Amino acid sequence: MRPETKMIRSALVIGGVLLGMAIAVSAAAVEGRPDVVGSAYDESGDELLYRELHFCRDDSASCTVDYRDPAGTTIARKKLDYSSGSHRPSLVMRDLRTDKEYAVEPEVDAPSATVVDAGFDNYVRSQWSTLTAGEPVHFRFKVVGFDDPIPMKAQQEAGCAEGKVCLKVTVDSWLIGWLADPIELTYARDSQRLLRFRGVSNLRGPDGESQKVDIRYTYEAADASSVRGE
């Protein structure tokens, strides 16, 4: 395998390509209840691997995502700052199990079609009419651990359930696209909220391995059992 393709594949695994998005939410304090909870299951959908709890400021200018194991212990935390743009946040993510930290600096002057990590969720809504019309959307995706943005494409998938919009996200290159599995996303058509994510996680497993996950998102105010991990 060519060195540059190895680097891109590694970047896609490290970055998780879209996972852990700071989804547009109503106001919530980090010390309070989250109003978005993502439950990440293994690829089969049977075993709960972790949960991600989303907290945003009133103006959504900054967000924090807590990653917690099934017992409710925080194992990683991501902080995002959207002052440089709604789909180009700066971020710092720390894995508390290994004490490793990854960061992406703000890119105020980046091209408009450059998307950074969690900003993809906002970018989808900005391109909603194009995507739901069946047209592809091309963008450059910057992930943690890789200097150069990766060319990617999002497009609506046929056969989605009524009231939902299904998207597939792939690497937009015939040369390297075969290295990465597509990301599958399901949105609610009316609210434009992300309901489900299937793909590679940005959170590695307990032994440092990459893991494919099936995340289901709920938007009701999280009850105590969700926060504890029950």
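Small disclaimer: the values here were computed from a predicted structure and weren't measured.

Just give me the short version of unusual backbone geometry, but keep the residues and values in it.
Of note, Asp99 is a non-glycine position whose phi angle comes to about 60°, a positive value. As for its position among the elements, Asp99 is in the loop between β5 (90-95) and β6 (100-104). Assessed through its relative accessible area of 55%, Asp99 is described here as exposed. Even without being glycine, Gln192 reaches a positive phi, approximately 60°. Of note, Gln192 is situated in the loop between β11 (183-188) and β12 (194-200). Using a relative accessible area of 21% as the deciding quantity, one classes Gln192 as partly exposed.

Please provide a residue-by-residue account of the state of the cysteines, values included.
Evaluation of the coordinates by the stated rule reveals 2 disulfides. Residue pairing for Cys56: its cysteine sulfur links by disulfide to Cys63, the two sulfurs lying 2.1 Å apart. Across the S-S bond of Cys56 and Cys63 the torsion is about 105°, and the bridge reads as right-handed. Here the two residues Cys56 and Cys63 agree in accessibility, since each one is buried. Across a sulfur-sulfur distance of 2.0 Å, Cys160 and Cys166 are joined as a disulfide pair. Handedness of the Cys160-Cys166 disulfide follows from its S-S torsion of about 65°: it is right-handed. Shown here for the protein is a disulfide pattern of 1-2, 3-4, where each number marks a bonded cysteine counted in sequence order.

Give a detailed account of the packing of aromatic side chains, specifying residues and quantitative values.
In this structure the tally under the stated criterion is 5 aromatic pairs. When the ring of Trp128 is compared with that of Tyr187, the centres are 5.8 Å apart and the planes differ by 70°; the resulting orientation is edge-to-face. You can see Trp128 sitting in helix α3 (residues 128-132) and its partner Tyr187 sitting in strand β11, a full 59 residues away along the chain. Of the two residues examined, Trp128 and Tyr187, each falls in the buried class. Ring pairs connect the aromatic residues Phe120, Tyr123, Phe139 and Phe141, which therefore count as one cluster. For the cation-ring pair, Arg216 lies above Tyr41, with the distance from its terminal atom to the ring centre recorded as 4.5 Å.

Here is what the cut-offs are and how they apply
- What you see as residue numbers is a count from 1 along each chain, following the sequence as written.
- The model is predicted, so local features are restricted to residues of pLDDT at least 70 and side-chain atom pairs to those at 80 or more, both for listing and for counting; the totals for chains, interfaces and linings are taken over all residues.
- Hydrogens are left out, water is left out, and the side-chain values use all remaining heavy atoms of the structure.
- Secondary structure elements follow DSSP: runs of H or I of four or more residues count as helices, runs of E of two or more count as strands, with numbering from the N terminus.
- Only protein chains enter the area calculation, which uses a 1.4 Å probe; residues under 20% of their type maximum are buried, those over 50% are exposed, and those in between are partly exposed.
- The criterion for a disulfide is a pair of cysteine sulfur atoms lying within 2.5 Å.
- Pairs were defined over the aromatic rings of Phe, Tyr and Trp, the Trp ring being its six-membered one, requiring ring centres within 6.5 Å. Orientation was assigned from the angle between planes: stacked under 30 degrees, edge-to-face over 60, tilted for the rest.
- To sit over a ring, a charge needs its Lys NZ or Arg CZ within 6 Å of the ring centre and within 35 degrees of the ring normal.

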